[in-house]
Amino acid sequence: MQQYMECQNGAYTIRGTVYIPEQASPDHKVPMTVLCHGFTADRNETLFIHRRLAKILCTAGIAALCFDFMGSGESDGTFEEMSVLTETADVLAVLNYVRTLDYVDTGRVALHGMSQGGLVACLAAAREPQKIRALSLWAPALCIPDMCKKGYLLKVSLDKIEEIGYIDYQGEKLGLIYVRDALQTDVWEELRSYAGPIQTVHGTADQTVPYEYSLKLCEQFAGQCMLKTVEGADHDFETLAHNQQRLEYAAAFLKEHLSA
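What counts and how
- Residues numbered from 1 in each chain as written.
- Predicted model: local features only at pLDDT ≥ 70, side-chain atom pairs only at ≥ 80, totals over all residues.
- Heavy atoms only, no water.
- Pairing = 2+ DSSP bridges.
- Helix = DSSP H or I, 4+ residues; strand = E, 2+ residues; numbered from the N terminus.
- Axes fitted to C-alpha atoms, helices over the stretch in contact; angles between N-to-C directions.
- Contact = heavy atoms within 4.5 Å.
- Salt bridge = Lys/Arg side-chain N within 4 Å of Asp/Glu carboxyl O.
- Buried < 20%, exposed > 50% of the residue type's maximum accessible area, 1.4 Å probe, protein only.
- Phe/Tyr/Trp six-rings, centres within 6.5 Å; stacked < 30°, edge-to-face > 60°.
- Lys NZ or Arg CZ within 6 Å of the ring centre and 35° of its normal.

Peer 1: Just to check I follow, could you spell out the sheet that holds strand 6 (residues 134–138) for this structure?
Peer 2: Think of a sheet as strands paired side by side through backbone hydrogen bonds, with each pair either parallel or antiparallel. Strand order across the open sheet formed by eight strands is 1-2-4-3-5-6-11-12, with mixed pairing between neighbours. Edge strands, defined here as strands with exactly one partner in the open sheet, are strand 1 (2–9) and strand 12 (225–230). The mean angle between the axes of side-by-side strands here comes to 20 degrees, regardless of whether they run parallel or antiparallel. Where strand 2 (residues 12–19) lies against strand 4 (residues 63–67), four bridges are found, and the strand directions are antiparallel. Paired with Thr-17 across the bridge in strand 4 is Cys-66. Of the strands in this sheet, strand 1, strand 2, strand 3 (30–36), strand 4 and strand 5 (104–114) touch helix 2 (residues 84–98), which is tilted by about 120 degrees from strand 1. The strands that helix 9 (residues 240–257) touches are strand 3, strand 5, strand 6, strand 11 (198–203) and strand 12; relative to strand 6, the one it contacts most, it runs at about 175 degrees.

Spelled out as structure tokens, the structure:
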């Protein structure tokens, strides 16, 4: 069953879709995975891959919630107001909503994120480390703070962004708040508060988020983080085989760690 959802993050309404297993009820509580989409995507993610993952999980008895970040899809706000920290706050608001659902086992809640959504899922898990059972990532954009700290973003210098107040990104304004929040984000340090299992799935031909960032994640969190390599895959896993691999890796990991 699919169900429309809304929750509040301050003045903004966050909207999404919940995929609910048939057996879910107050007397038969099920685990939940919250799926976080990437930069410029929406709740379904590029080529509907999050919707596909949500349906796979639902069939396996795991509820899944796909939502639009503030400034994306159907949620309130503008793209110009968005940053990795506003998105982290969105995830925390969605997690609070999940805990009100009487069919959810709140002790078995996982986060999944693609690209920027992966970075944001890491930050949210770091803020509520005892409440997240597992952390599933696809090509997590842990490079975003590093890019800003090197003095540029999307090939635009930070000085220029400060001067005009935004980046013209394909006809949309990416606001100054995006840069300022990224500069104050240290995901490596923050994530140390999270002790649960992590899986990162990354393609070796990713030119957007280098594969080396997932290697570093596994080195920094040895014994806790598992890397699943997809040979030859680019950032969006743009073949049938590569997409199937990432779906299978994520579903198997989440099923394993959300079992009773």
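Peer 1: Honestly, the pattern of salt bridges in this entry has me stumped. Any pointers?
Peer 2: Close approach of charged atoms allows side chains with opposite charge to pair. This structure, assessed with the given rule, holds nine salt bridges. A salt bridge links Arg-43 to Asp-68; the nearest nitrogen and oxygen atoms lie 3.0 Å apart. Of this pair, Arg-43 sits in the loop between strand 3 and helix 1 (49–59) while Asp-68 sits in the loop between strand 4 and helix 2, and the two are 25 residues apart along the sequence. Residue class for Arg-43 comes out buried when judged on its relative accessible area of 8%.

Peer 1: Got a minute to help me understand the packing of aromatic side chains in this structure?
Peer 2: Both the distance between ring centres and the angle between the ring planes are used here to describe each pair of aromatic rings. By the definition in use, this model includes four aromatic pairs. Ring geometry for Phe-39 against Phe-79: centres 5.5 Å apart, planes inclined by 55 degrees, an arrangement best described as tilted. Of this pair, Phe-39 sits in the loop between strand 3 and helix 1 while Phe-79 sits in the loop between strand 4 and helix 2, placing them 40 residues apart in sequence. Among the aromatic residues, those joined into a cluster by ring pairs are Phe-39, Phe-79, Tyr-169 and Tyr-178. One residue, Arg-192, lies across the ring of Phe-221, its end atom 5.5 Å from the ring centre. Directly above the aromatic system of Trp-138 lies the positively charged group of Arg-246, at a separation of 4.6 Å from the ring centroid.

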